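So you can see what is in the structure, the chains are spelled out below.
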Amino acid sequence: MSKLVTIFGGSGFVGRYVARRMAKEGWRVRVAVRRPNEALFVRPYGVVGQVEPILANLRDDTSVAQALKGADAVVNCVGLLSERGRNKFATVQAEGAARVARLAAAEGITTMVHISAIGADAESDSAYARSKAEGEAGVLEHMPNAVILRPSVIFGPEDDFFNRFAGMSRLGPILPVVGADTKFQPVYVDDVAKAAEMAVLGQAAPGIYELGGPDVESFRDLMRKMLGVIRRRRLILNMPFWLAGLMGWGLDLIQTLSLGLIHNSMLTRDQARQLRRDNVADPDMPGFEALGIAPVAMEAVLDEYLWPYRSGGQYAEIKESAEKLRP
(Lines give C-alpha, C1' and ligand atoms only; values in the text may rest on other atoms or scores of the structure.)
Protein backbone atom coordinates (compact mmCIF):
# COMPACT_ATOMS: atom_id res chain seq x y z
CA MET A 1 0.00 0.00 0.00
CA SER A 2 1.16 3.55 -0.76
CA LYS A 3 2.56 5.57 2.11
CA LEU A 4 0.40 8.21 3.78
CA VAL A 5 1.32 11.80 4.65
CA THR A 6 -0.85 14.08 6.76
CA ILE A 7 -0.48 17.76 5.81
CA PHE A 8 -1.90 20.22 8.32
CA GLY A 9 -2.97 23.31 6.42
CA GLY A 10 -2.72 21.29 3.21
CA SER A 11 -5.19 23.50 1.36
CA GLY A 12 -3.37 26.73 2.24
CA PHE A 13 -0.93 28.70 0.14
CA VAL A 14 2.12 26.48 0.71
CA GLY A 15 0.25 23.33 1.75
CA ARG A 16 -1.54 22.84 -1.56
CA TYR A 17 1.78 22.79 -3.42
CA VAL A 18 3.18 20.23 -0.97
CA ALA A 19 0.03 18.13 -1.37
CA ARG A 20 0.29 18.21 -5.15
CA ARG A 21 3.94 17.16 -5.08
CA MET A 22 3.35 14.29 -2.66
CA ALA A 23 0.44 13.04 -4.75
CA LYS A 24 2.67 13.02 -7.83
CA GLU A 25 5.14 10.92 -5.85
CA GLY A 26 2.41 8.34 -5.40
CA TRP A 27 1.72 9.00 -1.71
CA ARG A 28 -1.74 9.07 -0.23
CA VAL A 29 -2.34 12.58 1.06
CA ARG A 30 -4.51 13.51 4.00
CA VAL A 31 -5.22 17.24 3.95
CA ALA A 32 -6.04 18.24 7.54
CA VAL A 33 -7.94 21.53 7.69
CA ARG A 34 -10.60 23.26 9.76
CA ARG A 35 -13.07 23.50 6.85
CA PRO A 36 -12.73 20.40 4.66
CA ASN A 37 -15.69 21.44 2.49
CA GLU A 38 -13.66 24.43 1.34
CA ALA A 39 -10.68 22.21 0.49
CA LEU A 40 -12.34 19.89 -2.00
CA PHE A 41 -10.25 21.44 -4.79
CA VAL A 42 -7.26 19.34 -3.64
CA ARG A 43 -8.87 16.05 -4.67
CA PRO A 44 -7.89 16.30 -8.38
CA TYR A 45 -4.22 16.47 -7.35
CA GLY A 46 -4.26 12.66 -7.45
CA VAL A 47 -6.38 9.76 -8.60
CA VAL A 48 -9.76 9.05 -7.02
CA GLY A 49 -9.36 8.73 -3.26
CA GLN A 50 -5.65 9.54 -3.21
CA VAL A 51 -5.99 13.08 -1.81
CA GLU A 52 -8.67 13.63 0.83
CA PRO A 53 -9.45 16.68 2.99
CA ILE A 54 -10.41 15.89 6.59
CA LEU A 55 -11.47 17.94 9.60
CA ALA A 56 -8.71 18.85 12.05
CA ASN A 57 -8.18 21.66 14.53
CA LEU A 58 -4.62 22.34 15.66
CA ARG A 59 -5.91 23.51 19.04
CA ASP A 60 -7.44 20.11 19.93
CA ASP A 61 -5.53 16.95 20.90
CA THR A 62 -8.22 14.50 19.79
CA SER A 63 -8.64 16.17 16.42
CA VAL A 64 -4.90 16.21 15.71
CA ALA A 65 -4.40 12.62 16.89
CA GLN A 66 -7.19 11.39 14.61
CA ALA A 67 -5.64 13.19 11.63
CA LEU A 68 -2.30 11.50 12.33
CA LYS A 69 -3.72 7.98 12.64
CA GLY A 70 -1.80 5.58 10.41
CA ALA A 71 0.36 8.26 8.78
CA ASP A 72 3.97 7.63 7.78
CA ALA A 73 4.92 11.33 7.75
CA VAL A 74 3.50 14.69 8.75
CA VAL A 75 3.94 18.20 7.38
CA ASN A 76 2.76 21.24 9.34
CA CYS A 77 2.05 24.23 7.10
CA VAL A 78 -0.32 26.09 9.44
CA GLY A 79 0.57 29.69 10.14
CA LEU A 80 -1.06 33.05 10.84
CA LEU A 81 -0.34 36.50 9.42
CA SER A 82 -2.49 38.12 12.11
CA GLU A 83 -4.51 37.00 15.11
CA ARG A 84 -8.25 36.57 14.96
CA GLY A 85 -10.69 35.16 17.49
CA ARG A 86 -9.28 32.07 19.17
CA ASN A 87 -6.57 31.74 16.56
CA LYS A 88 -3.69 33.41 18.36
CA PHE A 89 0.01 33.20 17.52
CA ALA A 90 0.70 31.36 20.76
CA THR A 91 -2.10 28.80 20.41
CA VAL A 92 -1.54 28.03 16.71
CA GLN A 93 2.09 28.67 15.85
CA ALA A 94 3.62 27.67 19.19
CA GLU A 95 1.26 25.28 21.02
CA GLY A 96 -0.26 23.91 17.81
CA ALA A 97 3.10 23.04 16.26
CA ALA A 98 4.25 21.36 19.47
CA ARG A 99 0.97 19.44 19.68
CA VAL A 100 1.44 18.02 16.17
CA ALA A 101 5.00 16.92 17.01
CA ARG A 102 4.03 15.39 20.38
CA LEU A 103 1.12 13.40 18.98
CA ALA A 104 3.08 12.39 15.87
CA ALA A 105 5.79 10.95 18.10
CA ALA A 106 3.13 9.14 20.15
CA GLU A 107 1.74 7.66 16.92
CA GLY A 108 5.20 6.36 16.02
CA ILE A 109 5.72 8.75 13.12
CA THR A 110 9.41 9.45 12.60
CA THR A 111 9.29 11.97 9.73
CA MET A 112 8.11 15.54 10.27
CA VAL A 113 8.47 18.74 8.28
CA HIS A 114 7.55 22.05 9.89
CA ILE A 115 7.15 25.32 7.98
CA SER A 116 8.40 28.20 10.11
CA ALA A 117 9.72 31.60 8.96
CA ILE A 118 12.91 33.61 8.72
CA GLY A 119 13.08 35.87 11.75
CA ALA A 120 11.88 33.28 14.27
CA ASP A 121 13.34 34.59 17.53
CA ALA A 122 12.37 33.80 21.11
CA GLU A 123 13.69 37.22 22.19
CA SER A 124 11.89 39.27 19.54
CA ASP A 125 9.50 42.11 20.41
CA SER A 126 7.18 40.64 17.76
CA ALA A 127 4.64 38.09 19.03
CA TYR A 128 4.66 36.47 15.57
CA ALA A 129 8.42 35.94 15.60
CA ARG A 130 8.40 34.67 19.20
CA SER A 131 5.63 32.17 18.49
CA LYS A 132 7.51 30.87 15.45
CA ALA A 133 10.60 30.27 17.61
CA GLU A 134 8.51 28.62 20.34
CA GLY A 135 6.88 26.41 17.73
CA GLU A 136 10.28 25.29 16.44
CA ALA A 137 11.42 24.49 19.98
CA GLY A 138 8.26 22.49 20.63
CA VAL A 139 8.70 20.51 17.43
CA LEU A 140 12.35 19.69 18.17
CA GLU A 141 11.52 18.71 21.75
CA HIS A 142 9.28 15.88 20.54
CA MET A 143 10.72 15.26 17.05
CA PRO A 144 14.47 16.02 17.25
CA ASN A 145 15.01 14.69 13.70
CA ALA A 146 12.43 17.02 12.18
CA VAL A 147 13.21 19.25 9.19
CA ILE A 148 12.28 22.89 9.81
CA LEU A 149 11.99 25.23 6.82
CA ARG A 150 12.25 28.98 7.34
CA PRO A 151 11.25 30.79 4.13
CA SER A 152 11.45 34.52 3.50
CA VAL A 153 8.32 36.17 2.09
CA ILE A 154 6.74 33.67 -0.32
CA PHE A 155 5.45 34.61 -3.76
CA GLY A 156 3.22 32.73 -6.17
CA PRO A 157 -0.25 32.94 -7.77
CA GLU A 158 -2.11 32.77 -4.45
CA ASP A 159 0.27 34.97 -2.43
CA ASP A 160 -0.84 37.69 -0.05
CA PHE A 161 2.16 39.90 -0.81
CA PHE A 162 2.42 40.96 -4.46
CA ASN A 163 -1.31 40.37 -5.03
CA ARG A 164 -2.16 42.58 -2.08
CA PHE A 165 -0.05 45.55 -3.14
CA ALA A 166 -0.98 45.16 -6.80
CA GLY A 167 -4.60 45.45 -5.72
CA MET A 168 -3.80 48.51 -3.62
CA SER A 169 -2.18 50.17 -6.64
CA ARG A 170 -5.62 50.38 -8.27
CA LEU A 171 -6.92 52.70 -5.56
CA GLY A 172 -4.94 55.83 -6.35
CA PRO A 173 -1.67 57.45 -7.40
CA ILE A 174 0.09 56.70 -4.08
CA LEU A 175 1.21 53.29 -2.83
CA PRO A 176 2.01 53.46 0.92
CA VAL A 177 4.47 50.98 2.42
CA VAL A 178 6.01 50.50 5.86
CA GLY A 179 9.76 49.90 6.02
CA ALA A 180 10.61 50.81 2.42
CA ASP A 181 14.30 50.09 3.08
CA THR A 182 13.71 46.75 4.81
CA LYS A 183 15.23 43.93 2.76
CA PHE A 184 13.48 40.75 1.67
CA GLN A 185 14.57 37.63 -0.20
CA PRO A 186 11.34 36.45 -1.86
CA VAL A 187 11.06 32.72 -2.45
CA TYR A 188 8.83 30.91 -4.94
CA VAL A 189 6.12 28.82 -3.26
CA ASP A 190 6.84 25.66 -5.26
CA ASP A 191 10.52 25.82 -4.29
CA VAL A 192 9.46 25.70 -0.63
CA ALA A 193 7.14 22.80 -1.47
CA LYS A 194 9.99 20.99 -3.21
CA ALA A 195 12.15 21.36 -0.10
CA ALA A 196 9.31 19.93 2.01
CA GLU A 197 8.89 17.05 -0.45
CA MET A 198 12.59 16.21 -0.22
CA ALA A 199 12.37 16.21 3.57
CA VAL A 200 9.39 13.83 3.56
CA LEU A 201 11.21 11.51 1.16
CA GLY A 202 14.28 11.46 3.40
CA GLN A 203 16.40 13.40 0.92
CA ALA A 204 17.15 16.25 3.36
CA ALA A 205 19.16 15.93 6.55
CA PRO A 206 17.36 16.85 9.80
CA GLY A 207 17.80 20.45 10.90
CA ILE A 208 16.79 24.03 10.16
CA TYR A 209 16.99 25.46 6.62
CA GLU A 210 16.61 29.15 5.79
CA LEU A 211 15.10 29.54 2.34
CA GLY A 212 15.53 32.67 0.25
CA GLY A 213 15.26 33.29 -3.47
CA PRO A 214 18.10 34.42 -5.74
CA ASP A 215 17.41 38.14 -5.20
CA VAL A 216 17.71 40.33 -2.09
CA GLU A 217 15.85 43.61 -2.55
CA SER A 218 14.34 46.38 -0.46
CA PHE A 219 10.59 46.64 0.02
CA ARG A 220 10.66 49.75 -2.18
CA ASP A 221 12.45 47.96 -5.01
CA LEU A 222 10.05 45.02 -4.81
CA MET A 223 7.14 47.42 -5.21
CA ARG A 224 8.87 49.04 -8.20
CA LYS A 225 9.29 45.60 -9.75
CA MET A 226 5.63 44.78 -9.13
CA LEU A 227 4.49 48.09 -10.61
CA GLY A 228 6.65 47.43 -13.67
CA VAL A 229 4.96 44.07 -14.20
CA ILE A 230 1.44 45.53 -13.95
CA ARG A 231 2.48 48.65 -15.92
CA ARG A 232 1.30 51.26 -13.48
CA ARG A 233 3.01 54.40 -12.26
CA ARG A 234 2.59 55.08 -8.58
CA LEU A 235 4.39 57.16 -5.97
CA ILE A 236 5.78 54.75 -3.37
CA LEU A 237 5.33 56.53 -0.03
CA ASN A 238 7.33 55.26 2.94
CA MET A 239 5.31 55.44 6.15
CA PRO A 240 7.46 56.15 9.24
CA PHE A 241 7.53 53.34 11.78
CA TRP A 242 6.08 55.54 14.52
CA LEU A 243 3.10 56.37 12.31
CA ALA A 244 2.72 52.72 11.24
CA GLY A 245 2.69 51.68 14.90
CA LEU A 246 0.03 54.27 15.70
CA MET A 247 -2.07 53.18 12.72
CA GLY A 248 -1.70 49.52 13.69
CA TRP A 249 -2.73 50.33 17.26
CA GLY A 250 -5.88 52.06 16.01
CA LEU A 251 -6.83 49.24 13.65
CA ASP A 252 -6.18 46.63 16.35
CA LEU A 253 -8.41 48.62 18.71
CA ILE A 254 -11.23 48.63 16.18
CA GLN A 255 -10.96 44.84 15.87
CA THR A 256 -11.06 44.48 19.66
CA LEU A 257 -14.01 46.83 20.16
CA SER A 258 -15.97 45.09 17.41
CA LEU A 259 -15.39 41.74 19.18
CA GLY A 260 -13.60 40.49 16.09
CA LEU A 261 -16.44 41.28 13.68
CA ILE A 262 -14.12 43.77 11.94
CA HIS A 263 -10.88 41.99 11.19
CA ASN A 264 -7.71 44.06 10.90
CA SER A 265 -6.23 42.73 7.67
CA MET A 266 -4.48 46.00 6.78
CA LEU A 267 -1.71 46.55 9.32
CA THR A 268 -1.27 45.37 12.91
CA ARG A 269 1.12 46.70 15.54
CA ASP A 270 2.95 43.38 15.42
CA GLN A 271 3.42 43.58 11.65
CA ALA A 272 4.83 47.08 12.03
CA ARG A 273 7.42 45.69 14.47
CA GLN A 274 8.33 42.87 12.07
CA LEU A 275 8.93 45.31 9.22
CA ARG A 276 11.76 46.95 11.16
CA ARG A 277 13.95 43.89 10.52
CA ASP A 278 15.37 42.51 7.27
CA ASN A 279 13.85 39.23 6.15
CA VAL A 280 16.89 37.62 4.55
CA ALA A 281 18.33 34.10 4.85
CA ASP A 282 21.41 33.73 7.06
CA PRO A 283 24.31 32.74 4.77
CA ASP A 284 25.74 30.60 7.59
CA MET A 285 22.57 28.47 7.74
CA PRO A 286 21.79 25.60 5.34
CA GLY A 287 19.47 26.63 2.53
CA PHE A 288 18.49 25.73 -1.00
CA GLU A 289 22.09 25.07 -1.96
CA ALA A 290 22.35 22.35 0.69
CA LEU A 291 19.24 20.75 -0.83
CA GLY A 292 20.48 21.01 -4.40
CA ILE A 293 17.59 23.30 -5.37
CA ALA A 294 18.14 26.26 -7.72
CA PRO A 295 15.47 28.76 -6.58
CA VAL A 296 13.26 30.40 -9.19
CA ALA A 297 13.64 34.15 -9.74
CA MET A 298 10.67 36.52 -9.40
CA GLU A 299 10.93 37.64 -13.03
CA ALA A 300 10.12 34.12 -14.18
CA VAL A 301 6.81 34.00 -12.32
CA LEU A 302 5.33 37.43 -11.50
CA ASP A 303 4.11 38.13 -15.02
CA GLU A 304 2.14 34.86 -15.02
CA TYR A 305 -0.23 35.90 -12.25
CA LEU A 306 -0.08 39.69 -11.85
CA TRP A 307 -1.40 40.50 -15.35
CA PRO A 308 -5.03 40.91 -14.12
CA TYR A 309 -3.91 44.08 -12.31
CA ARG A 310 -2.91 45.80 -15.57
CA SER A 311 -5.34 48.40 -16.89
CA GLY A 312 -5.98 46.25 -19.96
CA GLY A 313 -5.76 42.92 -18.16
CA GLN A 314 -4.99 40.06 -20.54
CA TYR A 315 -5.34 42.45 -23.48
CA ALA A 316 -2.77 44.96 -22.19
CA GLU A 317 -0.10 44.10 -24.77
CA ILE A 318 -2.57 44.19 -27.66
CA LYS A 319 -3.89 47.53 -26.43
CA GLU A 320 -0.37 48.97 -26.17
CA SER A 321 0.51 47.73 -29.66
CA ALA A 322 -2.64 49.26 -31.11
CA GLU A 323 -1.84 52.62 -29.50
CA LYS A 324 1.57 52.64 -31.16
CA LEU A 325 -0.09 52.23 -34.58
CA ARG A 326 -2.24 55.32 -34.16
CA PRO A 327 -1.10 58.35 -36.23
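Residues numbered from 1 in each chain as written. Predicted model: local features only at pLDDT ≥ 70, side-chain atom pairs only at ≥ 80, totals over all residues. Heavy atoms only, no water.

The nonpolar side chains of a soluble globular protein tend to be buried with one another. Counting 70 residues, the largest nonpolar core has V18, V29, L149, F162, M223, M226 and L306 as the members making the most contacts within it. In terms of residues, this core owes the most to one element, helix α6 (residues 189-200), which gives 8 residues. Grouped together as the second largest cluster of nonpolar side chains are 25 residues, V64, L68, A97 and A104 included. (Core = buried A, V, L, I, M, F, W, Y, C linked by side-chain atoms within 4.5 Å. Buried < 20%, exposed > 50% of the residue type's maximum accessible area, 1.4 Å probe, protein only. Helix = DSSP H or I, 4+ residues; strand = E, 2+ residues; numbered from the N terminus.)

In this section: helix α8 (residues 241-257). Here α8 contains 17 residues, and its C-alpha end-to-end distance of 24 Å stays within 8% of the 24 Å for a straight helix at 1.5 Å per residue. Along α8, the positions that sit buried rather than exposed are A244, G248, D252 and Q255. Seen from one end, α8 has its buried residues packed into an arc of 65°, which puts them on one side. Residues of α8 that are exposed and point more than 90 degrees away from the buried face comprise W242, L246 and L257. Considering only its buried residues, α8 is in contact with β8 (174-178), β13 (235-239) and α9 (269-274). Once α8 finishes, L259 follows within two positions and takes phi at roughly 60°, a positive value. (Expected span 1.5 Å × (residues − 1). Arc of directions from axis to C-beta. Contact = heavy atoms within 4.5 Å.)

For the rest of this paragraph, the subject is the sheet that holds strand β5 (residues 111-115). Here we have 7 strands laid out as an open sheet, ordered β3-β2-β1-β4-β5-β6-β11, and parallel in their pairing. Looking at which strands have only one partner, the edges of the open sheet turn out to be β3 (51-55) and β11 (207-211). Strand-to-strand twist of the sheet, defined as the mean angle between neighbouring strand axes without regard to direction, takes the value 20°. Examined bridge by bridge, β5 and strand β6 (residues 147-151) share 3 bridges and lie parallel to one another. (Pairing = 2+ DSSP bridges. Axes fitted to C-alpha atoms, helices over the stretch in contact; angles between N-to-C directions.)

All right, on to the packing of helix α2 (residues 61-68) against helix α3 (residues 89-107) then. Their axes nearest at 9 Å, the elements α2 and α3 cross at an angle of 50°. One way to sum up the angle between α2 and α3 is to call them oblique. Pair α2 / α3 crosses with right-handed handedness. Listed contacts from α3 to D61, V64, A65 and L68 of α2 are R99, V100, R102, L103, A104 and E107. (Parallel < 35°, antiparallel > 145°, perpendicular 65-115°, else oblique. Left-handed = near helix turned anticlockwise from the far one by under 90°.)

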